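# Inside the fold
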Amino acid sequence: MEKKQIKRALVSVYHKDKLDIIIKKLHAEGVEFISTGGTQSFIESLDIPCRAVEDLTGYPSILGGRVKTLHPKVFGGILNRRDLELDKAQIAEYEIPEIDLVIVDLYPFEATVAAGADEPTTIEKIDIGGISLIRAAAKNYNDVVIVASQDQYEPLFDIISANGAVTSLEERRWFAKEAFAVSSHYDSAIFNYFDGQEESAFRYSENSSKVLRYGENPHQRGVFFGKFDDMFEQLQGKEISYNNLLDIDAAVNLINDFEDITFAILKHNNACGIASRPVLVDAWQDALAGDPVSAFGGVLITNAIIDKATAEEMNKIFFEVVIAPDYDLEALEILGQKKNRIILIIKEAKAKTQQFRSILNGVLVQDKDSHTETADHLKVVTEKAPTDEEIEDLLFANKIVKHTKSNAIVFAKNKQMCSSGVGQTSRVDALNQAIDKAEAFKFDLKGAVMASDAFFPFPDCVQIASEAGITAVIQPGGSINDKLSIENCNENGLAMVTTGFRHFKH
């Protein structure tokens, strides 16, 4: 591996945190510095000499700082190929000093957009000189080291601490790869700002990645791109898997729709038990009652702090993951008895508002289904109106069916899911599955309500539900046969409300 000595460094950064230890270490190794404006003042404040870029180029910073480093004496020093005789001759002819290390970062464009700045302010945060320096130094990684963000400070410091101001080709190529990741992410953010809602091209970028043990199955590779630690604190447990992540995502999306104290148990991205109760341990026990068989090995989530009493009951079954806003100390001691059990604290982090998946030779993108119906969205379409208690249960069931794989039917009573029919090819099959599960776990469906994720194409579902004891139904409406389903409800004394919102989930 070809070693290269760092003799001269160009440093021009917006963020100066932790820069001092790098500069001091390089100075101790005899490295000279070239810099601009505030970075030059920062270096000189460390009692380290620093040459101004203006002295090198013979030009001052102009156009309000828009042009500082864009000059042949800067880019020639970076891009010249040390082993090419023609480059050597031109460098000598034009008295261009070689630059072996570039430390640069970019104006905070994304942060400026996120802060809601006006367009002129945002445009001024589009970096020109910095992005050009990054690309030039990364292109010439054969001779030059590029440090394009604070994330690379530590790797650089480790290298120069171990080897002095010397780098290998492999190390320089790694820094170049990281630099192009920075520049491509930056350009994606700028494009998306200008593209707005036009969606003329698909550009999505995540800088953090984690290689998983495998994908959905052991023969598939799996990688998570994102900052999991921004949303969760993992207190203990084994490495989180691809399938764990899918279940965690489904669990968080589900629990976020509930304001009452609620406990949910999920398996394969669907709720197999969920209940809302004033006391958490009661919510847990009633959620578990929904399907104690499927709960084995499931993912558990609540929107309340888990206490000792709840933890003791939870610990009686095997589960892989538990998610909560926090845990009592005694609860943690109980839940932590199984060392592989994944225990997560969910943070107040903002989730993505779009979803996308690769299909065929492209990508499908859609807005996340963030609509949650309230009583104001309900339209009574039958002669009988639902009672206040039934309305609460209808809204409760509707939240669950929204997060259940289609075709889906959910039965609920007293803010407890009695059963569900999940992922069936017909709505009748989903309904019959839900009835069979309710019977298997001894739920009396008399007085329960039914939620459907989409409209009823025929009145058969309403008829079957009525015979099972269902007294109220919630569905989107919109079928050409809505009238037939409504008439069936009227004949059987059921109340039906429509919402106007379908919730397919594939």
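Residues numbered from 1 in each chain as written. Predicted model: local features only at pLDDT ≥ 70, side-chain atom pairs only at ≥ 80, totals over all residues. Heavy atoms only, no water.

## Some thoughts on the nonpolar core
To keep things clear, this is the line we draw: Definition used in this section: a nonpolar core is a set of buried Ala, Val, Leu, Ile, Met, Phe, Trp, Tyr and Cys residues joined via side-chain atoms within 4.5 Å. Exposure classes here rest on a 1.4 Å probe applied to the protein chains alone. A residue is buried below 20% of its type maximum, exposed above 50%, and partly exposed in between. Every helix listed is a DSSP run of H or I at least four residues long, and every strand listed is a run of E at least two residues long, numbered separately from the N terminus. Throughout, a contact is declared for two residues whenever any of their heavy atoms are within 4.5 Å.
Of all hydrophobic cores here, the largest spans 51 residues; its most connected members are Val 11, Phe 33, Ile 78, Leu 101, Val 102, Ile 103 and Ile 146. Among the elements that line this core, the one with the most residues is helix H10 (residues 169-195), at seven residues. The residues contacting Leu 101, other than those within four sequence positions of it, are Ile 6, Arg 8, Ala 9, Leu 10, Leu 26, Val 144, Val 145, Val 147 and Leu 156. If you look at the next biggest cluster of nonpolar residues, it comprises 39 residues, including Leu 254, Phe 396, Val 449 and Val 497.

## A word on the packing of aromatic side chains
Selection rule: Only Phe, Tyr and Trp rings are paired, with Trp represented by its six-membered ring, and only when their centres lie within 6.5 Å; those with planes under 30 degrees apart are stacked, over 60 edge-to-face, the remainder tilted.
This model, assessed by the stated rule, comprises 11 aromatic pairs. Plain terms: the ring middles of Phe 202 and Phe 356 are 5.2 Å apart, the flat faces sit at 70° to each other, and that makes the pair edge-to-face. With Phe 202 in the loop between H10 and strand E8 (209-211) and Phe 356 in strand E16 (residues 354-359), this pair connects stretches of sequence that are 154 residues apart. Relative accessible area serves as the criterion here: at 37%, Phe 356 is assigned to the partly exposed category. Aromatic pair Phe 263 and Trp 284: ring centres 5.2 Å apart, planes at 65°, arrangement edge-to-face. On the criterion of sequence distance, the pair formed by Phe 263 in strand E11 (residues 262-267) and Trp 284 in helix H13 (residues 280-289) is long-range, its members being 21 residues apart.

## What to know about helix H18 (residues 460-468)
Quick reminder of the rule: Think of the arc as the fan of directions from the helix axis to the C-beta atoms.
If you check which residues of H18 are buried, you get Cys 461, Val 462, Ala 465 and Ser 466. The arc enclosing the buried residues of H18, seen along the axis, measures out at 135°, which places them on a common side. Next to the buried residues of H18 lie helix H17 (427-440), strand E21 (449-452), helix H19 (482-492) and strand E23 (495-498). One or two steps after H18, the chain reaches Gly 469, where phi turns positive at roughly 110°.

## Side note on the sheet that holds strand E12 (residues 270-276)
The following threshold applies: At least two bridges found by DSSP between two strands is the condition for calling them paired. Axes, fitted as lines to C-alpha atoms, cover a helix only where it is in contact. Angles between the N-to-C directions of the axes lie from 0 to 180 degrees.
In space, the six strands of this open sheet follow the order E10-E15-E14-E13-E11-E12, with mixed pairing throughout. Both outer strands of the open sheet, strand E10 (232-236) and E12, are each paired with one neighbouring strand and no more. Geometrically, the sheet is characterised by an average inter-axis angle of 20° between neighbouring strands, direction not taken into account. Here strand E13 (residues 298-302) runs beside strand E14 (residues 319-324); their pairing, made up of four bridges, is parallel. Considered in E14, the bridge of Gly 298 is made with Phe 319.

## With respect to the environment of Lys 415
Note on placement: Lys 415 falls in the loop between strand E19 (409-412) and strand E20 (417-421). Accessibility expressed as a relative area gives 21% for Lys 415, which makes it partly exposed. Considered as a pair, Lys 415 and Gln 197 are 218 residues apart in the sequence and their alpha carbons are 39 Å apart. Other than its neighbours up to four places away in sequence, Lys 415 contacts Asp 260, Ile 274, Ala 275, Ser 276, Arg 277, Glu 392, Asp 393 and Phe 396.

## Let's talk about the sheet that holds strand E3 (residues 32-35)
Reading across from one edge, E4-E3-E2-E5-E6 is the order of the five strands in this open sheet, with parallel pairing throughout. Lying at the two open borders of the sheet, with one neighbouring strand each, are strand E4 (51-52) and strand E6 (145-147). Taken together, the two bridges between E3 and E4 define a ladder with parallel strand orientation. Among the inter-strand pairings, Ile 34 is bridged to a residue of E4, identified as Arg 51.

## Quick look at the pattern of salt bridges
For clarity, the threshold we go by: Between Lys or Arg on one side and Asp or Glu on the other, a salt bridge is scored when a side-chain nitrogen of the former is within 4 Å of a carboxyl oxygen of the latter.
Enumeration over the complete set of coordinates arrives at 19 salt bridges. Between Lys 88 and Glu 85 there is a salt bridge, with its nearest N and O atoms 3.5 Å apart. Highlighted residues: Lys 88 and Glu 85, both in helix H5 (residues 85-93), separated by three residues, approximately one helical turn. Take Lys 88: its relative accessible area is 39%, and that puts it in the partly exposed class. For the salt bridge of Lys 437 with Asp 291, the shortest nitrogen-to-oxygen distance reads 2.6 Å. Of the two residues, Lys 437 is situated in helix H17 and Asp 291 in the loop between H13 and E13; the sequence distance between them amounts to 146 residues. Residue classification places Asp 291 among the buried residues on the basis of a relative accessible area of 2%. When salt bridges that share partners are traced, they join Glu 2, Lys 4 and Asp 143 into one network.

## Thoughts on the pairing of strand E2 (residues 8-12)
Counted only if it meets this: A clockwise course of the path from the first strand over the helix to the second, judged with the strands pointing away from the viewer, identifies a crossover as right-handed.
E2 sits mainly inside the fold: five of its five residues count as buried. What you see with E2 is no split at all: Arg 8, Leu 10 and Ser 12 on one side and Ala 9 and Val 11 on the other are buried throughout. In this structure, E2 lies alongside E3, joined through four bridges in parallel fashion. Along E3, the bridge assignment pairs Leu 10 with Ile 34. For the crossover that starts at E2, traverses helix H1 (residues 19-28) and ends in the parallel E3, the hand is right-handed. Pairing of E2 with strand E5 (residues 101-104), which is carried by four bridges, proceeds in the parallel orientation.

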